[in-house]
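# Understanding the architecture of this molecule
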Amino acid sequence: MRLDDAGRLVIVGAGQAGALLALLLGRAGHDVTVYESRPDLRRVDIDAGRSINLALATRGIVPLIDAGVIADVDSITIPMRGRMVHAAGDPTPDLQPYGSNPHEVIHSVSRSDLNAILLDAAEATGNVHIEFDARIASVDLDTSELRFTDGRAEPFGVVFGADGAGSRVRKAMAAAGSCEFATEWLDHDYKELTLPPDENGRHRLDPNALHIWPRGEFMLIALANPEGDFTVTLFAPKTTFAELVDASEVDRFFDEEFPGFARLLPDLAVQFLENPIGPLGTMRATGWSHEGRAVIVGDAAHAIVPFHGQGMNAALESVRALDRHMRNQPDDLDSAFRAFEAERKPDADAIADMALSNYVEMRAGVIDPNYLAKRELALELEQRHPEHLRPRYNMVMFSTMPYAEALSRATAQSALIESALADPTIDIDAMVRALAPLPSNDPLADPTALSIS
Ligand SMILES: Cc1cc2nc3c(=O)[nH]c(=O)nc-3n(C[C@H](O)[C@H](O)[C@H](O)COP(=O)(O)OP(=O)(O)OC[C@H]3O[C@@H](n4cnc5c(N)ncnc54)[C@H](O)[C@@H]3O)c2cc1C
């Protein structure tokens with residue numbers, strides 16, 4: 001199948017992945033139709049007044065630079081220099097910088113504002129038509145038809161499944177025998193709250209940090225929004241949520257576990273009882289395409305838990321990789337899609353594993369003296385041997401090194417650091433110098449692309 005005579009190009013889903021893919025295809029001159037089940041978020045407040053934000057890092061920034069939208073994105077981001085750790089029983093929070101380089105910051109960005117920028121840019125190509133309130137019920141790969149929940153059917157030449165973790169396109173490919181997938185659910189859930197600005201419209205906490213209240217089995221985190229509010233998320237075992245069913249239980253829990261935070265949010269129990277609980281899972285799929293006529297990308301192909309702040313970053317990185325493979329092999333989409341999966345599947349599995357292990361690091365590690373000693377030594381070694389060692393977090397967040405390589409390097413580094421802490425007489429510097437040199441970043445990875453103050 002050739003891209004140019006494949007017939008109708010259809011994207012299911014106008015989230016971050018679908019909107020970026022539409023922009024890249026539209027910019028290359030292809031006519032694209034996007035079907036999105038929700039209303040147009042640029043016209044309707046679909047988050048019921050809540051502002052939900054995400055951490056944007058280098059892997060997400062590079063595709064946004066490539067797509068030409070980074071200047072618009074810059075106006076909606078807030079830099080976060082490190083983790084502000086609010087330890088239990090300690091009224092003074094502790095800032096743990098993410099890196100020793102001032103540009104090693106991550107950026108808080110509104111999910112819907114970023115999506116709106118991508119949708120506007122996609123439509124501005126003149127080649128992208130987006131239909132909202134259009135929910136796909138099923139995909140018929142035999143007749144190349146999409147069936148909608150309102151009963152109508154539309155043909156497609158190639159269908160791109162950017163329809164998130166519960167992807168209908170993936171389910172159709174699985175039914176056709178091209179794809180196998182499984183979701184592993186955590187026994188922890190999450191709930192989002194909003195910490196409004198103070199009476200002067202200012203942030204009630206330092207906006208330039210990612211706030212964490214680690215409590216061992218559960219944690220609270222907060223990321224700032226430009227309007228002065230914070231999006232706050234409680235991650236906790238399902239059993240904890242099951243106990244928090246009335247206002248007095250909610251107030252007691254927050255007063256005991258997060259007293260400093262509870263004082264800042266008088267309507268905490270009201271919000272808590274009103275807002276939905278979300279599940280957390282890792283979806284791994286094998287077989288991301290079907291005969292050059294269907295392919296999945298973003299969460300539809302690799303949904304992960306949010307503890308490394310990488311799901312959207314990985315989705316944007318995957319869209320750019322898919323676009324590159326289609327441009328490399330425009331005459332053979334089947335091969336292009338297979339090459340895309342061959343490149344990205346090991347990376348998707350690696351970031352899925354790292355995201356799971358980062359939950360333990362965030363809710364317990366950041367206050368564990370052993371973890372802190374390892375992190376400090378890793379940062380020191382990075383200063384002494386910047387061409388051979390980078391802490392894992394920094395390889396994931398501030399580089400474009402393939403995730404699988406970041407994971408294997410991090411495993412080797414961690415073993416070295418543990419042996420140096422156990423035996424201070426070993427020549428750790430010689431061991432680090434023996435590690436293979438770090439690869440250079442993507443040439444587009446400009447650390448100054450987004451403002452950091
Ligand atoms: C609590 C939480 C915090 C997170 N924090 C971060 C973070 O800090 N950094 C980060 O990088 N990532 C984070 N993520 C992950 C991130 O949200 C996802 O990885 C990212 O949104 C994936 O983008 P996507 O476009 O692939 O999928 P989605 O954003 O899920 O988009 C899929 C789109 O498809 C539409 N759709 C679905 N089904 C249909 C259908 N049948 N017909 C038509 N349309 C359909 C949906 O309405 C949606 O618009 C977080 C996730 C959670 C849950």
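Here the structure is a predicted model, which is why all the values come from computation and not from measurement. (Residues numbered from 1 in each chain as written. Predicted model: local features only at pLDDT ≥ 70, side-chain atom pairs only at ≥ 80, totals over all residues.)

Examined against the element boundaries, Glu-418 turns out to sit in helix α14 (residues 403-422). Residue classification places Glu-418 among the partly exposed positions, given that 13 C-beta atoms sit within 10 Å. Residues Glu-418 and Lys-374 lie 44 residues apart in sequence; the distance between their C-alpha atoms is 7.2 Å. (Helix = DSSP H or I, 4+ residues; strand = E, 2+ residues; numbered from the N terminus. Buried ≥ 20, exposed ≤ 12 C-beta atoms within 10 Å, placed from the backbone.)

Looking now at the domain arrangement of the protein. What the domain assignment lists for the protein is domain 1 (9-77 + 109-184 + 281-359), domain 2 (187-279) and domain 3 (368-433). Averaged C-alpha coordinates put domain 1 and domain 3 at centres separated by 33 Å. Mapped onto the side of domain 1 that touches domain 3, the elements with two or more residues apiece are α2 (58-66) and α11 (333-363). If one sorts the elements of the side of domain 1 that touches domain 3 by residue count, α11 sits on top with six residues. In terms of residue class, the side of domain 1 that touches domain 3 is built from six nonpolar, three polar and three charged. (Domains from an automatic or database assignment. Nonpolar A, V, L, I, M, F, W, Y, C, P; charged D, E, K, R; others polar.)

Here Tyr-403 lies in helix α14. With 27 C-beta atoms counted inside 10 Å, the residue Tyr-403 sits in the buried group. C-alpha of Tyr-403 to C-alpha of Pro-276: the two residues are 127 residues apart in sequence and 32 Å apart in space. Not counting residues within four places of it along the chain, the set of residues in contact with Tyr-403 comprises Asp-347, Ala-350, Ile-351 and Val-396. (Contact = placed C-beta atoms within 7 Å.)

Given 3.6 residues per turn, any residue in an α-helix points the same way as the ones three and four places further on. Taking 1.5 Å of rise per residue, the 14 residues of helix α4 (residues 111-124) would be expected to cover 20 Å, and the 20 Å separating its terminal C-alpha atoms lies within 8% of that figure. Among all positions in α4, only Leu-114, Asn-115, Ile-117, Leu-118, Leu-119, Ala-121 and Ala-122 are buried. The inward-facing, buried residues of α4 abut α1 (16-27), α3 (70-74), β7 (106-110) and β8 (128-131). In the stretch just after α4, Gly-126 is the one whose phi turns positive, near 80°. (Expected span 1.5 Å × (residues − 1).)

Looking along a regular strand, one sees the side chains alternate between the two faces of the sheet. Here strand β5 (residues 82-85) pairs with strand β6 (residues 94-97) via four bridges, running antiparallel. For Arg-83, the partnering residue across the bridge sits in β6 and is Gln-96. Bridge count between β5 and strand β14 (residues 210-214): three bridges; the pairing is parallel. By the bridge assignment, Met-84 is partnered in β14 with His-211. (Pairing = 2+ DSSP bridges.)

Once that is clear, we can look at the nonpolar core. Ranked by internal contacts, the top residues of the largest apolar core, which has 125 residues, are Leu-20, Leu-21, Ala-22, Leu-118, Val-159 and Val-297. Here this core takes ten residues from α11, the largest share from any one element. Apart from the residues within four sequence positions on either side, Leu-20 is in contact with Pro-63, Ala-67, Leu-118, Leu-316 and Val-319. In this structure, Ala-378, Leu-389, Ile-428 and Met-431 belong to the second largest nonpolar core, which totals six residues. (Core = buried A, V, L, I, M, F, W, Y, C linked by C-beta atoms within 7 Å.)

Glancing now at unusual backbone geometry. The phi torsion at Asp-133 lies on the positive side, around 55°, for a residue other than glycine. Inspection of the secondary structure puts Asp-133 in the loop between β8 and β9 (136-140). Judged by local crowding, Asp-133 falls into the partly exposed class, with 13 C-beta atoms found within 10 Å. In the Ramachandran plot, Ser-144 falls in the positive-phi region, its phi being about 55° despite a non-glycine side chain. If you trace the backbone, Ser-144 turns up in the loop between β9 and β10 (145-148).

Further remarks concern the site of the ligand. Near the ligand, the surroundings consist of 31 residues, among which Gly-13, Gly-15, Gly-164, Gly-298 and Gly-311 are the closest. Every element with two or more residues in the shell around the ligand is listed here: α1, β3 (53-56) and α10 (311-328). The element best represented in the shell around the ligand is α10, accounting for four residues. Here the residues of the shell around the ligand are counted per class, giving twelve nonpolar, 13 polar and six charged. Composition of the shell around the ligand by domain shows at least three residues from each of domain 1 (9-77 + 109-184 + 281-359) and domain 2 (187-279). (Near = placed C-beta within 6 Å.)

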